[in-house]
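Structural description and commentary
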Amino acid sequence: MDFIQENKKISAIENSEEIAFLSYTTKKEVLTIDHTEVSPQLEGQGIGQKLVAQIVEYARSENKKIDPQCPFANSVIEKTPEFQDVLENK
């Protein structure tokens, strides 16, 4: 599985097909995750968590914070202590 980031979206690609994606918006130093979607037949295989890990790494590399408005992404970050350093302080 490969990950491609473009146009404020991170896509999980397998066999040249998008199987999942996470979309976000940017405002100053904050990445707001607004949606995560995984193909129904692939749910429960950890692909969504991998997408969240990708945006966490991106936020760190760009010195940005994350506002996880998407309930799924918020849940993953809340349950993963090593991701919480990128959470936006409100």
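Data block above holds the structure.
An account of the accompanying structure is given in this report.

1. Some details on the nonpolar core
Among the nonpolar cores identified, the biggest contains 24 residues, and Leu22, Ile33, Ile47, Val52, Ile55, Ile66 and Ile77 are the most heavily contacted of them. Looking at this core, the elements with two or more residues in it are β2 (9–14), β3 (17–27), β4 (30–38), α1 (47–61) and α2 (71–79). A total of six residues in this core trace back to one element, the largest contributor, which is α1. Excluding residues within four positions of it along the chain, isoleucine 33 makes contact with Leu22, Ser23, Tyr24, Ile55, Ile66, Asp67, Pro68, Gln69, Cys70, Ala73 and Ile77.

2. Overview of the environment of asparagine 15
Assignment of secondary structure puts asparagine 15 in the loop between β2 and β3. Along the chain, asparagine 15 and aspartate 2 lie 13 residues apart, while their C-alpha atoms are 9.2 Å from each other.

3. Focus: the packing of α1 against α2
Put simply, α1 and α2 touch, their axes get as near as 10 Å, and they point 75° apart. Relative to α2, the element α1 is oriented roughly perpendicular. Facing α1, whose interface residues are Gly48, Gln49 and Val52, α2 presents Phe72, Ala73, Val76 and Ile77. Among the residues making up the contact of α1 with α2, the classes are represented as five nonpolar, two polar and no charged.

4. Comments concerning the pairing of strand β1 (residues 2–6)
Inspection of the sheet shows β1 paired to β2 by five bridges, in the antiparallel sense. Considered in β2, the bridge of phenylalanine 3 is made with alanine 12. Between the antiparallel neighbours β1 and β2 lie two residues, among them asparagine 7 with a positive phi of about 55°.

The rules behind each value
- Residue numbers restart at each chain and count upward from 1, following the sequence in its written direction.
- Predicted model: local features are reported for residues with pLDDT of at least 70 only, side-chain atom pairs are reported and counted for 80 or more only, and whole-chain, interface and lining totals are derived from all residues.
- Working from all heavy atoms in the structure, the side-chain values ignore hydrogens and water.
- The criterion is simple. A nonpolar core is a set of buried Ala, Val, Leu, Ile, Met, Phe, Trp, Tyr and Cys residues joined through side-chain atoms within 4.5 Å.
- Each residue is placed in one exposure class: buried if its accessible area under a 1.4 Å probe, protein chains only, is under 20% of its type's maximum, exposed if it is over 50%, and partly exposed if it falls in between.
- Secondary structure elements are taken from DSSP: a helix is a run of H or I of four residues or more, a strand is a run of E of two residues or more, and numbering for both begins at the N terminus.
- Contact between two residues is taken to exist if any of their heavy atoms lie within 4.5 Å; hydrogens are not considered.
- The axes are straight lines fitted to the C-alpha atoms, using for helices just the contacting stretch, and the angles between their N-to-C directions are given from 0 to 180°.
- Oblique is the label for every angle not falling under 35 degrees (roughly parallel), over 145 degrees (roughly antiparallel), or within 65 to 115 degrees (roughly perpendicular).
- Residue classes follow a fixed rule: Ala, Val, Leu, Ile, Met, Phe, Trp, Tyr, Cys and Pro count as nonpolar, while Asp, Glu, Lys and Arg count as charged, and any other residue, Gly among them, counts as polar.
- For two strands to be treated as a pair, DSSP must find no fewer than two bridges joining them.

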